[in-house]
Amino acid sequence: EPEVTQTPSHQVTQMGQEVILRCVPISNHLYFYWYRQILGQKVEFLVSFYNNEISEKSEIFDDQFSVERPDGSNFTLKIRSTKLEDSAMYFCASRAGSAGNQPQHFGDGTRLSIL
Amino acid sequence: GENVEQHPSTLSVQEGDSAVIKCTYSDSASNYFPWYKQELGKRPQLIIDIRSNVGEKKDQRIAVTLNKTAKHFSLHITETQPEDSAVYFCAASKGNQFYFGTGTSLTVIP
């Protein structure tokens, strides 16, 4: 069964540095997402992406964040100047189809630790 | 925006008993309601979902019910097993955004 893959599994970065988290969505999927989960808390929506542009974003997704689909397979999340509070698990997800009610498939996540 | 509330936050049941987790949502336009199971340190995995044109759906020991009028939906797990122990998240969706509940930590005691 095809899966969403994320790299790296764990990223340790100094505060103020830039990080790029990478995701390869399932190949025939059209909608891509990034979520954040702070340890022990709920999954929080960051951004959704469709047709090479952001379709929706939350208040968490401020100017420090950006997403990109640089080629036909990768979907990246960049945090420009990391803060301690950015430490969390970041999940990428994708889903197929144009209808709203399609299931999302999550990757294994990248654990981001800001020192 | 949508607000999804989930209860209880923790739930312990004896093996073989049933577990019920409840969620409410605020936006009547939400039309898709997935449930995810997340084991410690792992990805959320879809276990069952329901669309707004259906009131109930069952898959073996797992069932979900939806009351659109009251804007609540519930997950029912029967004959619980220790491997059901995990955190369960509900979500509500309309369009391209998904709103998650705060999660229920389920412990099944052997």
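Residues numbered from 1 in each chain as written. Chains lettered and ligands numbered in written order. Predicted model: local features only at pLDDT ≥ 70, side-chain atom pairs only at ≥ 80, totals over all residues. Heavy atoms only, no water.

Caption draft 1: Representation of the state of the cysteines within the structure. By the definition in use, this model includes two disulfides over all chains. A disulfide bridge connects Cys23 of chain A with Cys92 of chain A, and the sulfur atoms are separated by 2.0 Å. Judged by the sign of its S-S torsion, about -65°, the bond between Cys23 of chain A and Cys92 of chain A is left-handed. One end of the pair, Cys23 of chain A, is in strand β3 (residues 19–24); the other, Cys92 of chain A, is in strand β9 (residues 88–95), and 69 residues separate them in sequence. Relative accessible area serves as the criterion here: at 0%, Cys92 of chain A is assigned to the buried category. Here Cys23 of chain B engages in a disulfide with Cys90 of chain B; their sulfurs sit 2.0 Å apart. Since a negative S-S torsion denotes a left-handed disulfide, the Cys23 of chain B-Cys90 of chain B link at about -100° is left-handed. Of this pair, Cys23 of chain B sits in strand β3 (residues 19–24) while Cys90 of chain B is found in strand β9 (residues 86–94), placing the two residues 67 residues apart along the sequence. (Disulfide = S-S within 2.5 Å. Helix = DSSP H or I, 4+ residues; strand = E, 2+ residues; numbered from the N terminus. Buried < 20%, exposed > 50% of the residue type's maximum accessible area, 1.4 Å probe, protein only.)

Caption draft 2: Local environment of the sheet that holds β3 of chain A. All names here are of chain A. Here four strands make up an open sheet; going across it, the order is β1-β3-β8-β7 and the pairing antiparallel. A strand with exactly one partner marks an edge of an open sheet, and here the two such strands are β1 (5–7) and β7 (65–68). On average, adjacent strands in this sheet sit at an angle of 20° to one another, irrespective of strand direction. Here β7 pairs with strand β8 (residues 75–79) via four bridges, running antiparallel. Looking across to β8, one finds that Ser66 is bridged to Lys78. (Pairing = 2+ DSSP bridges. Axes fitted to C-alpha atoms, helices over the stretch in contact; angles between N-to-C directions.)

Caption draft 3: Representation of the side chain of Gln38 of chain B. The topology assignment puts Gln38 of chain B in strand β4 (residues 32–38). The buried category is assigned to Gln38 of chain B, whose relative accessible area is 8%. Within the structure, Gln38 of chain B has its side chain in polar contact with the side chain of Gln37 of chain A (distance 2.9 Å). When neighbours within four sequence positions are excluded, Gln38 of chain B is seen to be in contact with Gln37 and Phe91 of chain A together with Arg43, Pro44, Ala86, Val87 and Phe89 of chain B. (Polar contact = N/O pair within 3.5 Å; in protein donor to acceptor, adjacent residues only side chain to side chain. Contact = heavy atoms within 4.5 Å.)

Caption draft 4: Looking closely at the packing of aromatic side chains. As enumerated under the stated definition, the model contains 19 aromatic pairs over all chains in all. Their ring planes at 80° and their centres at 5.4 Å tell us that Tyr35 of chain A and Phe100 of chain B sit as a pair that is edge-to-face. Here the residue Tyr35 of chain A occupies a position in strand β4 (residues 31–37), and Phe100 of chain B occupies one in strand β10 (residues 97–100), the pair thus bridging two chains. Of the two residues examined, Tyr35 of chain A and Phe100 of chain B, each falls in the buried class. Pairing Tyr36 of chain B with Phe100 of chain B gives two aromatic rings, centres 5.6 Å apart and planes at 40°, and the pair type is tilted. Of this pair, Tyr36 of chain B sits in strand β4 while Phe100 of chain B sits in strand β10, and the two are 64 residues apart along the sequence. Phe100 of chain B shares its class with Tyr36 of chain B; the two are buried. Three or more aromatic residues joined by ring pairs form one cluster here, namely Tyr33, Tyr35, Phe45, Phe91 and Phe106 of chain A together with Tyr32, Tyr36, Phe98 and Phe100 of chain B. One residue, Arg95 of chain A, lies across the ring of Tyr31 of chain A, its end atom 4.1 Å from the ring centre. (Phe/Tyr/Trp six-rings, centres within 6.5 Å; stacked < 30°, edge-to-face > 60°. Lys NZ or Arg CZ within 6 Å of the ring centre and 35° of its normal.)

Caption draft 5: Main features of the interface of chain A and chain B. Tallying the contact residues gives 26 residues for chain A and 20 residues for chain B. Taking both partners together, chain A and chain B bury about 1900 Å²; carbon and sulfur atoms supply 48% of that area. The interface formed by chain A and chain B includes two salt bridges. The salt bridge involving Arg43 of chain B is made with Asp108 of chain A; its shortest N-O contact spans 2.6 Å. There are four residue pairs in polar contact (both at pLDDT 80 or more) connecting chain A and chain B. Counting residues per element, the ones that place at least two in the side of chain A that touches chain B are β4, β5 (44–50), β6 (53–57) and β9 of chain A. Of the residues belonging to the side of chain A that touches chain B, the class tally is 12 nonpolar, nine polar and five charged. (Buried area = accessible area lost by both parts, 1.4 Å probe. Salt bridge = Lys/Arg side-chain N within 4 Å of Asp/Glu carboxyl O. Nonpolar A, V, L, I, M, F, W, Y, C, P; charged D, E, K, R; others polar.)

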